[in-house]
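# Notes for the structure review
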Amino acid sequence: DYAFMHAKMIDPLILGVYFIGVLASVFHFTNGLWTFCITWGITVGVRAQRAARMAAMFLFVVMYGAACAILVAFRA
């Protein structure tokens, strides 16, 4: 619940670990989506792979930004 997460997010060390953990999981997810598109033949050409990589990078930035905002909101 909120009180538990608020108590954890007050500690800068735990907050840093959460930031790194969320960074790793969001990267793993978006990189996996990009790799999935390549391996399953969804993006065959170089141009399509480049477009999928840009979409995955955009998704990464959006998801990590939202996750960081949520973590910081727990400090309030």
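Above this note sits the structure.
Presented here is a report on the structure given in the accompanying data block. Counting of residues starts from 1 at the beginning of each chain's written sequence and follows it residue by residue. This being a predicted model, a pLDDT of at least 70 is required before a residue's local features are given, and a value of 80 or more before pairs of side-chain atoms are given or counted; all residues contribute to the totals for chains, interfaces and linings. Side-chain metrics in this entry use all non-hydrogen atoms of the structure; hydrogen atoms and water are not considered.

### Section: the packing of aromatic side chains
- Here is the rule: rings of Phe, Tyr and Trp (six-membered ring for Trp) pair when centre to centre is within 6.5 Å. Planes less than 30 degrees apart are stacked, more than 60 are edge-to-face, and the remainder are tilted. Enumeration according to the criterion identifies 3 aromatic pairs in this entry.
- Both rings, one in Phe36 and one in Trp40, keep their centres 5.6 Å apart while their planes meet at 35 degrees; by these two values the pair is tilted.
- Burial status follows relative accessibility: with a 1.4 Å probe on protein chains alone, a residue under 20% of its type maximum counts as buried, one over 50% as exposed, and anything between as partly exposed. Its relative accessible area of 39% is what places Phe36 among the partly exposed residues.
- Ring geometry for Phe60 against Tyr64: centres 6.0 Å apart, planes inclined by 5 degrees, an arrangement best described as stacked. In this pair, Phe60 and Tyr64 are both assigned in helix α3 (residues 46-73), 4 residues apart and thus about one turn of the helix distant. A run of DSSP states H or I qualifies as a helix once it reaches four residues; a run of E qualifies as a strand once it reaches two. Both are numbered from the N-terminal end.

### A few points about α3
- The span one expects for a helix is its residue count, reduced by one, times 1.5 Å. Given a rise of 1.5 Å per residue, 28 residues ought to cover 40 Å, and the 40 Å separating the end C-alpha atoms of α3 matches this to within 8%.
- The inward-facing, buried residues of α3 abut α1 (2-9) and α2 (12-39). Contact between two residues is taken to exist if any of their heavy atoms lie within 4.5 Å; hydrogens are not considered.

### Section: the packing of α2 against α3
- For the pair α2 and α3, interaxial distance at closest approach is 9 Å and the crossing angle is 155 degrees. Between α2 and α3, the crossing angle belongs to the class labelled roughly antiparallel. Viewed along their axes, α2 and α3 form a crossing whose handedness is right-handed. Residues Leu15, Tyr18, Phe19, Val22, Leu23, Val26, Phe27, Phe29, Thr30, Leu33, Trp34 and Ile38 of α2 form the contact with α3, whose own contacting residues are Gln49, Ala52, Arg53, Ala56, Leu59, Phe60, Met63, Tyr64, Ala67, Cys68, Leu71 and Val72.
- Here the term charged refers only to Asp, Glu, Lys and Arg, the term nonpolar to Ala, Val, Leu, Ile, Met, Phe, Trp, Tyr, Cys and Pro, and the term polar to all other amino acids, Gly among them. Classifying every residue of the contact of α2 with α3 gives 21 nonpolar, 2 polar and 1 charged. Note on definitions: angles span 0 to 180 degrees between N-to-C directions of axes, and those axes are lines fitted to C-alpha atoms, for helices only across the stretch in contact. In what follows, roughly perpendicular refers to angles from 65 to 115 degrees, roughly parallel to angles under 35, roughly antiparallel to angles over 145, and oblique to any angle outside these ranges. Crossing chirality is assigned from the near helix's rotation relative to the far helix, an anticlockwise turn below a right angle marking it left-handed and a clockwise turn marking it right-handed.

### Section: the environment of Val61
- By the element assignment, Val61 lies in helix α3.
- Under the relative-accessibility criterion, Val61 is labelled exposed at 55%.
- Val61 sits 29 residues away from Gly32 along the chain, and the two C-alpha atoms are 15 Å apart.

### Here's the deal with the packing of α1 against α2
- With their axes 7 Å apart at the nearest point, α1 and α2 run at an angle of 105 degrees to one another. With respect to α2, the axis of α1 lies roughly perpendicular. Where α1 abuts α2, its residues Met5, Lys8 and Met9 lie against Ile14, Leu15 and Tyr18.
- In terms of residue class, the contact of α1 with α2 is built from 5 nonpolar, no polar and 1 charged.

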